[in-house]
Amino acid sequence: MSPFITFEGVEGSGKTTQIQRLKKYLTQKGIPCKVTREPGGCPIGEKVRKILLNPDHHKMVSMSELLLYEAARAQHVKEVIEPFLKKGGIVLCDRFSDATLAYQGYGRKINLKWIERLNHLSSWGIKPDVTFLLDCPSEIGLKRALQRNRTLKQENEERFEKEKIQFHRRVRKGYLAIAKKEPRRVKVIDSRQSEDKIFNKICNFVDKLIVRSK
Ligand code: TMP
């Protein structure tokens, strides 16, 4: 199967901009690629996203939240990711299983082993070949995310931005712990650098990955 690339990071880490630039870069090289996201990426997944991120749903318990993320993933992998990889295209996914470990595991404090098991099931065993972790202090990321939401009028997706700063610090710590455990797969990039610098680093890794997968 062709490369499966995921992007992770705390809120406002600049993933979406980099994904769009990478898509353009690969398309110009004539490499088929698909941009997708979690939660979401397919009609059922997008409906689950609306439930998960609706700020009115403050009564949602952590376990329901976890299972909804996993349910959305099971559908997304089977309907979009796996078929595209099998056809030989590169998939660029905005968040994947690491987000569940970081947010529901480290953030919400659900047992990490349970989540690892659920992640394995919901992704049908598919693992990213490379994950770019765009890292910055949670305070800086959150400030950027809240600004973006105001500009885009995305108040309906604010449930996580409303969490306390301690929650977001745990999420960041979780991501860094995952990167420490799997340094070959997870590439940590300081997202306080310029957009161009970040993009150059990403392209370097991706070019090598493409050569290796040929
Ligand atoms: P986004 O804003 O990057 O699109 O992500 C949506 C929110 O969902 C973000 O706050 C992170 C959160 N999330 C989880 O809590 N667990 C997960 O498994 C995923 C994929 C996202």
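Data block above holds the structure.
Residues numbered from 1 in each chain as written. Predicted model: local features only at pLDDT ≥ 70, side-chain atom pairs only at ≥ 80, totals over all residues. Heavy atoms only, no water.

This part covers the side chain of histidine 76. Note that histidine 76 resides in helix 3 (residues 62-86). A relative accessible area of 0% places histidine 76 in the buried class. Polar side-chain contacts of histidine 76 include one of 2.9 Å to the side chain of glutamate 38. Residues within four places of histidine 76 in sequence aside, it is in contact with Thr36, Arg37, Glu38, Gly40, Gly41, Cys42, Ile81 and Cys93. (Helix = DSSP H or I, 4+ residues; strand = E, 2+ residues; numbered from the N terminus. Buried < 20%, exposed > 50% of the residue type's maximum accessible area, 1.4 Å probe, protein only. Polar contact = N/O pair within 3.5 Å; in protein donor to acceptor, adjacent residues only side chain to side chain. Contact = heavy atoms within 4.5 Å.)

This next bit is on the site of the ligand. Looking at the ligand, there are 14 residues lining it, with Glu11, Lys15, Arg95, Thr100 and Gln104 nearest. Threonine 100 places a side-chain nitrogen or oxygen 2.6 Å from an oxygen atom of the ligand. If the ligand stood free it would expose 480 Å²; the protein chains cover 94% of that surface. When residues of the shell around the ligand are traced back to their parent elements, those giving at least two are helix 2 (43-53), helix 3 and helix 4 (97-107). (Near = heavy atom within 4 Å. Areas by Shrake-Rupley, 256 points an atom, 1.4 Å probe, with all protein chains shown as cover.)

Moving on, we get to the sheet that holds strand 5 (residues 186-190). Within the open sheet, the five strands sit side by side as 2-3-1-4-5. Their pairing is parallel. The open sheet has two free edges, formed respectively by strand 2 (33-37) and strand 5, since each of these has just one partner strand. Across this sheet, the average inter-strand angle for adjacent strands is 20 degrees, counted without regard to direction. In the sheet, strand 1 (residues 4-9) pairs with strand 4 (residues 130-135) via five bridges, with the strands oriented parallel. Across the sheet, threonine 6 pairs through a bridge with threonine 131, a residue of strand 4. Where helix 3 meets the sheet, it contacts strand 1, strand 2 and strand 3 (90-94), and its direction lies at approximately 160 degrees from that of strand 2. (Pairing = 2+ DSSP bridges. Axes fitted to C-alpha atoms, helices over the stretch in contact; angles between N-to-C directions.)

Another aspect to go through is the environment of cysteine 42. Note that cysteine 42 resides in the loop between strand 2 and helix 2. Judged by its relative accessible area of 5%, cysteine 42 is buried. In this structure the C-alpha to C-alpha distance between cysteine 42 and alanine 72, which are 30 residues apart in sequence, comes to 8.8 Å. Ignoring any residue separated from it by four or fewer positions in sequence, one finds cysteine 42 in contact with Gln75, His76, Glu79 and Val80.

So, about the packing of aromatic side chains. Tallying each qualifying case throughout the model produces six aromatic pairs. Between phenylalanine 4 and phenylalanine 96, the ring centres sit 5.0 Å apart and the planes meet at 90 degrees, which makes this aromatic pair edge-to-face. With phenylalanine 4 in strand 1 and phenylalanine 96 in the loop between strand 3 and helix 4, this pair connects stretches of sequence that are 92 residues apart. On the numbers, 5.9 Å between centres and 90 degrees between planes, the contact of tyrosine 25 with phenylalanine 199 is edge-to-face. Taken together, the residues span a long stretch of sequence, with tyrosine 25 in helix 1 (residues 15-28) and phenylalanine 199 in helix 8 (residues 195-213) at a distance of 174 residues. In this structure an aromatic cluster arises from ring pairing among Phe7, Phe132 and Phe205. (Phe/Tyr/Trp six-rings, centres within 6.5 Å; stacked < 30°, edge-to-face > 60°.)

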